Amino acid sequence: MENRFDMEFIGISENESLARSITSAFAAMLDPTVEELSELKTAVSEAVTNAIVHAYPEEAGIVGLSGKIKGKTVYITVSDNGIGIPDIERAKEPLYTGKPNEERSGLGFSIMESFCDKLDIISSSGEGTVITLTKHFGGGKGER
Amino acid sequence: MSIIKTEKNTLIAEISGELDHHSAAKLRLEIDSAISKETKNIILDLTNLTFMDSSGIGMIMGRYKKIQHNCGKLIIVSPKPQVKRILEMSGLLNIITIEASIRQALKRM
């Protein structure tokens, strides 16, 4: 099947749940297992939370959420026009966080990488960030 | 959503719904305002928690640090599979334990 959606929302924390719901509803079209859907939902939650927490230090900005389905693979992109990630490799290090005083665990990227087949990060200082999560749904036996 | 109560020197928080960056902020304040000098242990009952991401890990870790000075224990009750998976990935299970019920958790205190 082929499908796509494209939306944006204000980067406020209330919309983290909205992003998860939209992702779940979209990916559900591929009839994933409970675990597969849960993994994608969690990864998207991490990416969206990162955008909301880090991208716009001054005031909430716009976060884009888009999805594409091609065959049995879903691609979810989370994007922003915020401050960007100056050192992507450091940001990806497990437990590293740009906000050490805010009880952040620094596990976001680790979770995205573990739960998805591919994680793509395009970002640089002042240029915003685009995170693309790729997940192929196996279509094998499992609880649906 | 959370229900917080105290039993002797143990604070028990029943957390339901989803625990993400948004709900962790409110929950953090609710738990912290219920922690007193006498609070030694914390039990987080996650029986009705349907989702947690790494913001929840940060919140749990922060509460664990708060009871460290009293050599307290933090026990998690009955996490669902998705929640347990995130707990395992975080390494938190090296320092906190899981029990099947609040009653069993209280026995460990």
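Structure shown above.
All of these numbers come straight from a predicted model, not from anything done at the bench. (Residues numbered from 1 in each chain as written. Chains lettered and ligands numbered in written order. Predicted model: local features only at pLDDT ≥ 70, side-chain atom pairs only at ≥ 80, totals over all residues. Heavy atoms only, no water.)

Caption draft 1: Looking closely at the overall build of chain A. Across its full length, chain A holds 4 helices and 5 strands. What you see in chain A, going N to C, is helices and strands ordered as β-α-α-β-β-α-α-β-β. With the principal axes as the frame, chain A shows a C-alpha extent of 45 × 30 × 25 Å. Counting only residues that meet the buried cut, chain A has 51% of its 144 residues in that class. Across chain A, contacts joining residues at least 24 apart in sequence account for 67% of those joining residues at least 6 apart. Surface summary for chain A: the accessible area is close to 7100 Å², and the carbon and sulfur share equals 49%. Within chain A, one finds 14 positive and 23 negative side-chain charges whose respective centroids are separated by 7 Å. (Helix = DSSP H or I, 4+ residues; strand = E, 2+ residues; numbered from the N terminus. Buried < 20%, exposed > 50% of the residue type's maximum accessible area, 1.4 Å probe, protein only. Contact = heavy atoms within 4.5 Å. Areas by Shrake-Rupley, 256 points an atom, 1.4 Å probe, with all protein chains shown as cover. Lys, Arg positive; Asp, Glu negative; His and termini not counted. Charge placed at Lys NZ, Arg CZ, Asp CG, Glu CD.)

Caption draft 2: Structural context of the pattern of salt bridges. Inspection of the entire model under this criterion finds 15 salt bridges over all chains. The partner of Glu-18 of chain B in a salt bridge is Lys-41 of chain A, and the shortest N-O contact between them spans 3.6 Å. In this pair, Glu-18 of chain B is assigned in strand β3 (residues 17-19) and Lys-41 of chain A in helix α2 (residues 34-55), connecting two distinct chains. Each of Glu-103 of chain A together with Arg-28, Asp-32, Arg-63 and Lys-66 of chain B takes part in one network of salt bridges that share partners. (Salt bridge = Lys/Arg side-chain N within 4 Å of Asp/Glu carboxyl O.)

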